[in-house]
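# Survey of secondary and tertiary structure
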Amino acid sequence: MTLVAGVDTSTQSTKVIVCDAETGAVLREGRAPHPDGTAVDPAHWWHAFQEATNGGLLDGVAAIGVGGQQHGMVLLDEAGAVVRDALLWNDTRSAGAAEDLIGELPGGAAAWAEATGLVPVASFTVTKLRWVAQHEPDNAARAASVLLPHDWITHLLRADRGQEPTTDRGDASGTGYWSPSTGTYRPELLKLAFGRDLAVPRVAGPAEVVGETVAGALLAPGTGDNMAAALGLGLRPGDVVVSLGTSGTVFGVSAGPVADTSGTVAGFADATGRHLPLVATLNAARVLTAAAGLLGVDLSALDSLARSAAPGAGGLTLLPYLDGERTPNLPDAKGLLNGLTRGNANPANLARAAYEGMLCGLADGLDAVRALGVPIERILLIGGAAAAQAVREIAPALFGLPVSVPDPGEYVALGAARQAAWALAQTPEPPSWAVSAVEVTAAPTKEIRELYGQVRDRAQALLR
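Scoring rules and cut-offs
- Residues numbered from 1 in each chain as written.
- Predicted model: local features only at pLDDT ≥ 70, side-chain atom pairs only at ≥ 80, totals over all residues.
- Heavy atoms only, no water.
- UniProt positions renumbered as here; feature names shortened; annotations may be inferred.
- Helix = DSSP H or I, 4+ residues; strand = E, 2+ residues; numbered from the N terminus.
- Rg over C-alpha atoms; globule rule 2.2 N^0.38 Å.
- Buried < 20%, exposed > 50% of the residue type's maximum accessible area, 1.4 Å probe, protein only.
- Contact = heavy atoms within 4.5 Å.
- Areas by Shrake-Rupley, 256 points an atom, 1.4 Å probe, with all protein chains shown as cover.
- Phe/Tyr/Trp six-rings, centres within 6.5 Å; stacked < 30°, edge-to-face > 60°.
- Lys NZ or Arg CZ within 6 Å of the ring centre and 35° of its normal.
- Pairing = 2+ DSSP bridges.
- Right-handed = clockwise from strand over helix to strand, strands pointing away.
- Axes fitted to C-alpha atoms, helices over the stretch in contact; angles between N-to-C directions.
- Parallel < 35°, antiparallel > 145°, perpendicular 65-115°, else oblique.
- Nonpolar A, V, L, I, M, F, W, Y, C, P; charged D, E, K, R; others polar.
- Core = buried A, V, L, I, M, F, W, Y, C linked by side-chain atoms within 4.5 Å.
- Expected span 1.5 Å × (residues − 1).
- Polar contact = N/O pair within 3.5 Å; in protein donor to acceptor, adjacent residues only side chain to side chain.

If you look the protein chain up in an unreviewed UniProt entry, it shows as Xylulose kinase from Dactylosporangium fulvum. Within the UniProt record for the protein chain, the comment given under Catalytic activity (unreviewed entry) is "D-xylulose + ATP = D-xylulose 5-phosphate + ADP + H(+)".

What the protein chain contains, in helices and strands, is 15 helices and 24 strands. Computed over its C-alpha atoms, the radius of gyration of the protein chain comes to 21 Å, within 12% of the 23 Å expected for a compact globule of 464 residues. Across the 464 residues in the protein chain, those meeting the buried criterion constitute 59%. Here the contacts in the protein chain between residues at least 6 apart in sequence split such that 72% fall between residues at least 24 apart. A total of about 17,400 Å² of accessible surface is found on the protein chain, and carbon and sulfur atoms cover 52% of it.

A complete count under the given rule lists 3 aromatic pairs for this structure. Measuring from centroid to centroid gives 5.3 Å for Trp 46 and Phe 49, while their planes differ by 20 degrees, and the two rings are stacked. Pair noted here: Trp 46 and Phe 49 are both in helix α1 (residues 43-52), with a separation of 3 residues, about one helical turn. Take Trp 46 and Phe 49: they sit in the same class, and that class is buried. One Lys or Arg, Arg 93, reaches over the ring of Trp 131 and ends 4.9 Å from the middle of that ring. Sitting over the face of the ring of Trp 46, Arg 161 holds its NZ or CZ atom 5.9 Å from the ring centroid.

Our focus in this paragraph is the pairing of strand β23 (residues 403-406). Side-chain alternation along β23 places Val 403 and Val 405 on one buried face and Ser 404 and Pro 406 on a second face that is also buried. In this structure, strand β22 (residues 378-382) lies alongside β23, joined through 2 bridges in parallel fashion. Across the sheet, Ile 379 pairs through a bridge with Val 403, a residue of β23. Following the backbone out of β22, through helix α13 (residues 389-399) and into the adjacent parallel β23, one traces a crossover that is right-handed. Of the strand pairs in this sheet, β23 and strand β24 (residues 437-440) are connected by 4 bridges, and their pairing is antiparallel. Its bridge partner lying in β24, Ser 404 is registered against Glu 439.

The next subject is helix α6 (residues 149-157). For an α-helix, the turn length of 3.6 residues means that residues three or four places apart are oriented alike. Within α6, 9 of the 9 residues are buried, which leaves the element mostly enclosed by the surrounding structure. The complete set of buried residues in α6 reads Pro 149, His 150, Asp 151, Trp 152, Ile 153, Thr 154, His 155, Leu 156 and Leu 157.

With that settled, consider the side chain of Glu 136. The topology assignment puts Glu 136 in the loop between α4 (125-135) and α5 (137-142). Beyond its immediate stretch of four places on either side in the chain, Glu 136 contacts Arg 84 and Trp 131.

Along the polypeptide, Ala 333 turns up in the loop between β20 (317-319) and β21 (336-338). In this structure Ala 333 comes out as buried when scored by relative accessible area, which is 4%. The sequence separation of Ala 333 and Pro 320 amounts to 13 residues, and the corresponding C-alpha distance is 9.6 Å.

Take the sheet that holds β22 next. The strand order β18-β19-β17-β16-β22-β23-β24 describes an open sheet built from 7 strands, whose pairing is mixed. One side of each edge strand has no neighbouring strand; the edge strands of this open sheet are β18 (266-269) and β24. Pairwise comparison of adjacent strand axes, ignoring direction, gives a mean angle of 30 degrees for this sheet. Strand direction decides the pairing type here: β18 and strand β19 (residues 275-281), joined by 4 bridges, are antiparallel. Looking at the pairing, Ala 269 lines up with His 275 of β19.

On to the packing of helix α11 (residues 299-308) against helix α12 (residues 347-371), then. Helix-helix packing is described using two parameters, namely the angle between the two axes and the distance between the axes. The contact between α11 and α12 brings their axes to 7 Å, and the two run at 100 degrees. Accordingly, the angle class assigned to the pair α11 and α12 is roughly perpendicular. Contacts between α11 and α12 involve Leu 299, Leu 302, Asp 303, Leu 305, Ala 306, Arg 307 and Ser 308 from the first element and Pro 347, Ala 348, Ala 351, Arg 352 and Tyr 355 from the second. Grouping the amino acids of the contact of α11 with α12 by side-chain chemistry returns 8 nonpolar, 1 polar and 3 charged.

This part takes up the UniProt feature "binding site: substrate" (unreviewed entry) in the protein chain. As annotated by UniProt and renumbered to match this structure, "binding site: substrate" (unreviewed entry) occupies Gln 70 and His 71. Note on placement: Gln 70 falls in the loop between β5 (61-68) and β6 (74-76). The residues contacting Gln 70, other than those within four sequence positions of it, are Trp 89, Gly 170, Asp 171, Gly 174, Gly 224, Asp 225, Asn 226, Met 227 and Phe 268. Within the secondary structure, His 71 is located in the loop between β5 and β6. Residues in contact with His 71, not counting those within four places in the same chain, are Leu 87, Trp 89, Ser 123, Phe 124, Thr 125, Lys 128, Leu 148, Asp 171, Gly 174, Phe 268 and Arg 326.

Next up on the list: the nonpolar core. Within soluble globular proteins, side chains that are nonpolar generally end up buried alongside one another. With 58 residues, the main nonpolar core has Val 4, Leu 75, Leu 129 and Leu 235 as its most contacted residues. In terms of residue count, helix α14 (residues 411-425) provides more of this core than any other element does, 8 residues in total. With residues near it in sequence (within four places) discarded, Leu 235 still touches Ala 230, Val 241, Phe 251, Gly 252, Val 253, Arg 274, Leu 276 and Leu 380. Within the second largest apolar cluster, 51 residues are counted, among which are Leu 316, Ala 363, Val 374 and Ile 376.

Right, let's talk about α14 for a bit. The end-to-end C-alpha distance of α14 is 20 Å, a good match for the 21 Å that 15 residues give at a rise of 1.5 Å each. Among the 15 residues that make up α14, 13 are buried, leaving the element largely enclosed by the rest of the structure.

This next bit is on the environment of Asp 151. Structurally, the position occupied by Asp 151 is in helix α6. Spatially, the C-alpha atom of Asp 151 lies 7.6 Å from that of Gly 222, the residues being 71 residues apart in sequence. For Asp 151, the residues in contact, after removing those within four places along its chain, are Thr 166, Thr 167, Asp 171 and Pro 201. A distance of 2.9 Å separates a polar side-chain atom of Asp 151 from the backbone nitrogen of Leu 148.

Written out as structure tokens, the structure reads:
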């Protein structure tokens, strides 16, 4: 049996799985936590990888792929040392820099969308570079190159760290200085942001072998977390994923690039040569954690409370912008509970409103992806919160379509492992790995989304 490994270096932890290269069956796994925060020393990710693989987890592995949180800015000096803590995707301090960059490029948002598939917001690497250039001139002067989290881990895995660092088209497409439509960097945009040139990693092919580990395992190019999840799920045109993790994401496969001048949909590339239009929200599963904490219950009890309330939560609507928001682009927004009365002020309705608010925000994302002509024939619901029974009951009603819930799994790590198997086999397409899923249905309901839309629009008018 040939073994391959996939790594998910996410916001909260490192997960590593070892799979049968032929079937994708998971044989071994390990994990280790990352520190909380939106700025983290990348050394913590490497230490977490070492902890997660301690005890011989990678023994006998023939190839490894790394999936990583997108957009994180890892600045290195001439010697390859980390200059400052990495600014992560959910760090919003560069919101003002994003607005400046839009205004500084002739043509504004439309020109950015055409050039990179993206309109700058605080999440993207290009805005973080501008922030450092403006606010930390000493660190900016030391910086010689910029990597993404998965690039950095892949490079540390190399036996020969003198090799040129690499990335892939999927993760590169989230920087704001790489073009999914041409497949090339846009160095003038990086220079616009940082004030001078920086070295960037070479963009490797989807199944290219980019090095070897000390143990002799081949290294796949790796990719961003959403692209890895798409690969792990075997996503095909017509499939759209709704992921409920730390962030919420909606993404689907398209044959060609998309450019949304509103910035709602990011026109990413995927890990196979196609494209991955994506909508992201900052607020997903942690909305439920916050609601559980407010009510003094655990997540299981929150789930039961939400299911005991009637649809619509008695008129309560939660706008779940608890950590600011990326979509819509309101980095300084706060959450809002609308419609509270003595009659509906009870734990069950509040719990229900938390689930409905989180899912309504993602239903808006589905609408935005559909509006760009991306076909939606099947919705796959993944992420930690997808296991909640309340989510499975509410999601198909709000989305207006049946929902498939794949078996629980580490799909980012699985996609990275599938990429490793692809690099090992050097076949035209990735190996075919089966994914089991359960379909859930519910009668569509419009009233909840209509009320949510009214609250959302009123709040945005006040916040903008």
